[in-house]
Amino acid sequence: MGLLSDLRVIYHMVFKPIRGRDHHERLESFYRGQARDYDAFRQRLLKGRDELWSKLPRPEGGIWVDMGGGTAANLEYLGPDIGRLKKIYVVDLAASLLEVAAERVRRHGWQNVELVHGDATRFSPPEGLADVVTFSYSLTMIPDWFAAIENARRILRPGGTVGVVDFYVSRKYPPSGLVRHRWRTRWFWPCWFATDNVFLSPDHLPYLLWRFTPEYLAERRTRIPWVPFGRVPYYVFVGRKPQTDSPLSGTPASV
């Protein structure tokens, strides 16, 4: 990736004001000028996506929904297994990213991929239920993230899989077994990312652990390109919707 492309992305991430009357307009304000440079820069920034996709099932004839799927770059992690799936829906509110996604779909010749300009808190696949729902660095950009998680649970078939990778910070006193971050981490990174309307939360991971049966969890850190200090935390989570489901089933994480 060239220096000029990097500078365009950094300008939109650090200096360009984000404007808009609603979430949709603010997303477009943020992404429109950097959409063409998005994938190469994020390949270095958004770690753990390949790890997540390697842990997810590829059900024969299955339905997959990638919430906040942006440019559809995540689908390349499926490799030839993409043909096993009946349908993949890439749902995003940023039309500029979906334009890049459309080019990628045409280039690969994916016949079973449909791009949806829609809301992750409301989208339902026409087939009714999905086998896999994923969020790749999108929960932190969804204001009603809890509604997005609940919608994922609603549209998953019993026993279906949810996969999430995203930035986060821990609670001051996290549930047993989870990483506890120092106060500097819990203060600095949420402030840093909030300028781009990316909201790191101490509650995403505990909520996922409550609403789904965990199958895989990794808590890691990564460096940010061009930032000479610190490492931001991120997690990789795979869970299943219980076979016997009710609206409030699950074991609440400690508070």
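Quick caveat: nothing in here was measured; it's all calculated off a predicted structure.

Criteria and cut-off values
Residues numbered from 1 in each chain as written. Predicted model: local features only at pLDDT ≥ 70, side-chain atom pairs only at ≥ 80, totals over all residues. Heavy atoms only, no water. Helix = DSSP H or I, 4+ residues; strand = E, 2+ residues; numbered from the N terminus. Contact = heavy atoms within 4.5 Å. Pairing = 2+ DSSP bridges. Axes fitted to C-alpha atoms, helices over the stretch in contact; angles between N-to-C directions. Buried < 20%, exposed > 50% of the residue type's maximum accessible area, 1.4 Å probe, protein only. Polar contact = N/O pair within 3.5 Å; in protein donor to acceptor, adjacent residues only side chain to side chain. Phe/Tyr/Trp six-rings, centres within 6.5 Å; stacked < 30°, edge-to-face > 60°. Lys NZ or Arg CZ within 6 Å of the ring centre and 35° of its normal. Patch = residues over 30% accessible without salt bridge, like charges linked within 9 Å, V, L, I, M, F, W, Y side chains within 5 Å. Areas by Shrake-Rupley, 256 points an atom, 1.4 Å probe, with all protein chains shown as cover. Salt bridge = Lys/Arg side-chain N within 4 Å of Asp/Glu carboxyl O. Lys, Arg positive; Asp, Glu negative; His and termini not counted. Charge placed at Lys NZ, Arg CZ, Asp CG, Glu CD. Parallel < 35°, antiparallel > 145°, perpendicular 65-115°, else oblique. Left-handed = near helix turned anticlockwise from the far one by under 90°. Nonpolar A, V, L, I, M, F, W, Y, C, P; charged D, E, K, R; others polar.

Asker: Just checking my understanding: could you explain the overall build of the chain for this structure?
Answerer: For the chain, the helix and strand inventory stands at 8 helices and 7 strands. Within the chain, contacts between residues separated by at least 24 positions form 75% of all contacts whose residues are at least 6 apart in sequence.

Asker: Help me understand the sheet that holds strand β7 (residues 232-240) in this model?
Answerer: Strand pairing in a sheet takes place through backbone hydrogen bonds and is either antiparallel or parallel in direction. In space, the 7 strands of this open sheet follow the order β3-β2-β1-β4-β5-β7-β6, with mixed pairing throughout. Only two strands of the sheet have a single partner each, and these edge strands are β3 (113-117) and β6 (213-222). Neighbour-to-neighbour, the strand axes of the sheet open up by a mean angle of 15°, direction not taken into account. In this structure, β6 lies alongside β7, joined through 9 bridges in antiparallel fashion. Each residue of the ladder has a partner; that of glutamate 219, found in β7, is tyrosine 235. On top of the sheet, helix α7 (residues 183-194) reaches β5 (156-167), β6 and β7; it is set at about 90° to β7, its chief contact.

Asker: What is the right way to read the environment of threonine 134 from this model?
Answerer: Position of threonine 134 relative to the elements: it lies in strand β4 (residues 130-136). Since its relative accessible area comes to 0%, threonine 134 is described here as buried. It is 10.0 Å that separates the C-alpha atoms of threonine 134 and isoleucine 149, two residues lying 15 residues apart in sequence. In this structure threonine 134 touches Trp53, Leu56, Trp64, Val65, Asp66, Met67 and Gly163, once residues within four positions along its chain are discounted. Here the side chain of threonine 134 touches tryptophan 64 through a polar contact of 3.1 Å, side chain to side chain.

Asker: Any chance you could explain the packing of aromatic side chains here in plain terms?
Answerer: What describes a pair of aromatic rings is the distance from one ring centre to the other and the angle between the planes of the rings. The full count for this structure, using the stated rule, is 14 aromatic pairs. Measuring from ring centre to ring centre gives 6.3 Å for tryptophan 53 and tyrosine 77, while their planes differ by 45°; the resulting arrangement is tilted. Residue tryptophan 53 is found in helix α4 (residues 49-55), and its partner tyrosine 77 is found in the loop between β1 (63-67) and β2 (87-92); the two are separated by 24 residues along the sequence. Given the relative accessible area of 0%, tryptophan 53 is considered buried. Look at phenylalanine 188 and tryptophan 189: their rings are 4.8 Å apart centre to centre, the planes differ by 75°, and that puts the pair in the edge-to-face class. Ring pairing ties together the aromatic residues Tyr137, Phe167, Trp187, Phe188, Trp189, Trp192 and Phe193, which thus form one cluster. Its guanidinium or amino end placed over the ring of tryptophan 210, arginine 211 lies 5.2 Å from that ring's centre, counting from NZ or CZ.

Asker: I tried to follow the side chain of aspartate 131 on my own but got confused; where do I start?
Answerer: By the element assignment, aspartate 131 lies in strand β4. A distance of 2.6 Å separates the side chain of aspartate 131 from the side chain of arginine 157, its partner in a polar contact. Setting aside chain neighbours within four positions, we find aspartate 131 in contact with Pro59, Gly62, Ile63, Leu156, Arg157, Gly160 and Thr161.

Asker: Mind showing me how you'd approach a positive patch on the surface here?
Answerer: Among the surface-exposed residues, Arg182, Arg184, Arg221, Arg223 and Arg231 lie close enough to one another that they form a single positively charged patch. With respect to the element layout, arginine 182 can be found in the loop between β5 and α7.

Asker: Can you walk me through the pattern of salt bridges in this structure?
Answerer: Side-chain pairs of opposite charge can arise where the charged atoms are in close proximity. What the rule picks out here adds up to 9 salt bridges. Across the pair arginine 220 and glutamate 51 runs a salt bridge whose closest N-O atoms are separated by 2.8 Å. In this pair, arginine 220 sits in strand β6 while glutamate 51 sits in helix α4, placing the two residues 169 residues apart along the sequence. Residue classification places glutamate 51 among the buried positions, given a relative accessible area of 16%. Between arginine 240 and glutamate 215 there is a salt bridge, with the nearest N and O atoms lying 2.7 Å from each other. You can see arginine 240 sitting in strand β7 and its partner glutamate 215 sitting in strand β6, a full 25 residues away along the chain.

Asker: Explain the packing of helix α6 (residues 145-155) against helix α8 (residues 204-211) here, please?
Answerer: Any two packed helices are characterised by how steeply their axes cross, that is the angle between the axes, and by the distance between the axes. Relative to each other, α6 and α8 sit at 25°, their axes nearing to 11 Å. Considering the angle they form, α6 stands roughly parallel to α8. Like other packed secondary-structure pairs, α6 and α8 cross with a definite hand, here right-handed. Contact residues: Trp145, Phe146, Ile149, Glu150 and Arg153 in α6; His204, Tyr207, Leu208 and Arg211 in α8. Considered class by class, the residues forming the contact of α6 with α8 number 5 nonpolar, 1 polar and 3 charged.

Asker: Any chance you could explain the side chain of arginine 211 here in plain terms?
Answerer: Mapped onto the secondary structure, arginine 211 falls in helix α8. The exposure class of arginine 211 is buried, given its relative accessible area of 1%. Within polar-contact distance, the side chain of arginine 211 engages the side chain of glutamate 150 at 2.6 Å.

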